[in-house]
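Summary of structural features
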There are 2 protein chains.
Amino acid sequence: MNSPIGVFDSGIGGLTVVKHLASHLRDESIVYFGDTARVPYGSKSEETVKRFAFENTKFLLKHGVKLVVVACNTASAVALDDLQRSFDVPVVGMIEPGARAAVRLTRRRSVGVIGTLATIESSSYERAIHAEDASVKTTSRPCPLFVPLAEEGWVSHPVSEAVAREYLDEFKTANIDVLVLGCTHYPVLRNIIQRAIGEHVRLVDSGEEAVKEVTGILKREGLEAAGGGEVYRHFYVSDIPRKFREIGERFLGRPIDGLTLVPQSDVPWYERAEERRC
Amino acid sequence: MNSPIGVFDSGIGGLTVVKHLASHLRDESIVYFGDTARVPYGSKSEETVKRFAFENTKFLLKHGVKLVVVACNTASAVALDDLQRSFDVPVVGMIEPGARAAVRLTRRRSVGVIGTLATIESSSYERAIHAEDASVKTTSRPCPLFVPLAEEGWVSHPVSEAVAREYLDEFKTANIDVLVLGCTHYPVLRNIIQRAIGEHVRLVDSGEEAVKEVTGILKREGLEAAGGGEVYRHFYVSDIPRKFREIGERFLGRPIDGLTLVPQSDVPWYERAEERRC
């Protein structure tokens with residue numbers, strides 16, 4: 001089935017997921033929507049994030065996607081169940097894949113989880129981990145400064161090292177051997193996080209695990225693209241933020257081609273015909 | 001004239017301006033709109049920030065305000081001229097008042113300006129300072145991490161000290177004696193900024209200067225409230241973010257009463273009758 005895979009995120013963090021999709025599923029086309037006009041979601045209320053998630057999903061469905069990846073841990077944490085109930089296509093989030101990998105990898109039965117305030121307060125990772133194995137101990141904490149540090153590009157800066165030490169210190173006493181990167185921005189700070197937490201702790205990139213789940217679903221449901229067809233990657237954003245290309249290309253690991261601006265307007269924005277390429 | 005003064009900001013930073021308004025103009029009622037669903041503006045495009053500024057102004061006018069304060073440096077920098085041309089009430093921004101105070105205070109004729117990426121890239125402060133006195137030298141730089149640090153509440157944290165030193169270091173060679181806090185969040189970090197820049201540098205809080213300008217306009221145009229009438233402060237927000245009350249009350253310096261949620265919707269949100277108190 002040659003329809004594209006749809007991916008949405010609050011902004012550009014989800015490009016780290018697109019990077020994995022593109023390298024694992026070379027025959028699949030991708031339509032990405034980054035809600036850069038309303039980013040970030042992580043500090044906002046559950047109700048607002050849910051509303052944004054529904055609008056973004058409808059936008060992707062208008063582009064004929066066969067499966068939706070919620071490449072935003074916050075939106076996955078608060079909206080995934082509702083999205084799965086409300087739409088006919090498979091909807092894949094970040095939480096369950098990350099939780100399953102963590103349970104599979106931990107030897108000490110003690111897992112740490114970091115994410116935005118909204119993701120951590122939702123306790124979604126804890127629930128998903130305990131649904132897999134109730135005996136696994138979980139410790140979690142929000143790391144709100146990691147997103148602006150990643151976007152500032154301070155990926156090996158002493159300030160980021162200090163913030164990482166401050167945030168991750170409490171995991172030391174919890175005796176974890178796996179830490180879930182529960183925010184799609186965090187893989188950009190992977191090296192600093194690894195140094196602060198110690199080399200004995202395995203980092204789980206939920207986005208990478210979600211891509212494995214997408215691969216399984218496509219196979220199981222006969223949705224895989226036939227090889228040899230045209231493969232495209234289209235990127236839609238609701239704003240072209242300052243430093244967008246610089247940051248976006250760092251996240252995606254390659255130049256962003258085929259970028260379209262879809263301004264959210266006071267009329268139902270996802271129904272608007274007018275889209276402006278840039 | 002007993003109509004309220006309208007104030008809008010991208011989120012809660014503008015509460016530092018409301019704090020000054022409330023203490024200088026005790027007889028004036030205030031209607032505040034914080035666009036917490038779409039905050040922050042500082043990293044977003046000029047076009048998007050302009051659109052948001054128009055929507056917010058229309059919302060305040062629907063509430064019968066006699067004057068609009070754009071309590072957001074980013075929105076002031078990119079949208080003030082257009083707002084002033086498009087609406088009949090006086091519209092007061094942050095830039096000119098801050099620039100005027102800086103020119104008045106500098107002895108060395110060398111002024112520093114810090115703000116969001118959008119404010120600094122707009123060069124609005126430089127233009128306003130040079131319009132006052134072309135001989136004053138300006139040095140400016142964006143400090144994008146100050147907003148999340150203020151919201152994280154790290155107002156006397158070693159990490160914030162390190163970030164302030166890193167950001168403000170280049171002002172040392174510029175020989176400034178005045179630094180404009182060109183973002184309404186920054187007064188919350190005032191102590192750290194003062195220590196990093198040195199005690200010989202005067203800090204200008206643009207919000208406080210803007211309140212002096214509002215006082216002058218009300219007097220000049222005969223818009224002052226008659227004393228002895230009912231005075232109210234209404235706060236509207238487009239989202240109730242996590243930690244909202246904790247952060248908001250720190251910014252405002254007192255509890256937030258009379259808070260109303262106005263969700264931005266896919267129908268013209270500022271026309272919606274349905275508002276939900278919370």
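These numbers were taken from a predicted model, which means no experiment stands behind them.

Calculation rules
Residues numbered from 1 in each chain as written. Chains lettered and ligands numbered in written order. Predicted model: local features only at pLDDT ≥ 70, side-chain atom pairs only at ≥ 80, totals over all residues. Heavy atoms only, no water. Buried < 20%, exposed > 50% of the residue type's maximum accessible area, 1.4 Å probe, protein only. Helix = DSSP H or I, 4+ residues; strand = E, 2+ residues; numbered from the N terminus. Arc of directions from axis to C-beta. Contact = heavy atoms within 4.5 Å. Domains from an automatic or database assignment. Buried area = accessible area lost by both parts, 1.4 Å probe. Salt bridge = Lys/Arg side-chain N within 4 Å of Asp/Glu carboxyl O. Polar contact = N/O pair within 3.5 Å; in protein donor to acceptor, adjacent residues only side chain to side chain. Nonpolar A, V, L, I, M, F, W, Y, C, P; charged D, E, K, R; others polar.

**Considerations on helix α11 (residues 244-252) of chain B**
Residue and element names in this part refer to chain B. Of all the positions in α11, only Phe244, Ile247, Gly248, Phe251 and Leu252 are classed as buried. Summarising the axial view, the buried residues of α11 lie within an arc of 125 degrees, below the 170-degree limit, and thus occupy one face. As for α11, its buried residues are in contact with α1 (15-24), α7 (146-152), β9 (233-237) and β10 (259-261). Immediately beyond the C-terminal end of α11, within one or two residues, lies Gly253, with a positive phi of roughly 80 degrees.

**Quick notes on the side chain of His157 of chain B**
As for its position among the elements, His157 of chain B is in the loop between α7 and α8 (158-168). When residues no more than four places from it in sequence are discounted, the contact partners of His157 of chain B are Glu166 of chain A together with Ile192 of chain B.

**As for the domain arrangement of chain A**
Residues and elements named next belong to chain A. The assigned domain composition of chain A is domain 1 (5-93 + 209-277) and domain 2 (95-207). Put simply, the middle of domain 1 and the middle of domain 2, counted by C-alpha atoms, are 23 Å apart. Facing 26 residues of domain 1, the contacting portion of domain 2 comprises 27 residues. Of the roughly 2,000 Å² buried between domain 1 and domain 2 on both sides combined, carbon and sulfur atoms contribute 54%. Remark: the boundary between domain 1 and domain 2 carries three salt bridges. One salt bridge connects Lys243 with Glu152, and the closest N-O pair in it is separated by 3.6 Å. Seen at the junction of domain 1 and domain 2, the total is 17 residue pairs in polar contact (both at pLDDT 80 or more). For the side of domain 1 that touches domain 2, the per-class residue count stands at 10 nonpolar, nine polar and seven charged.

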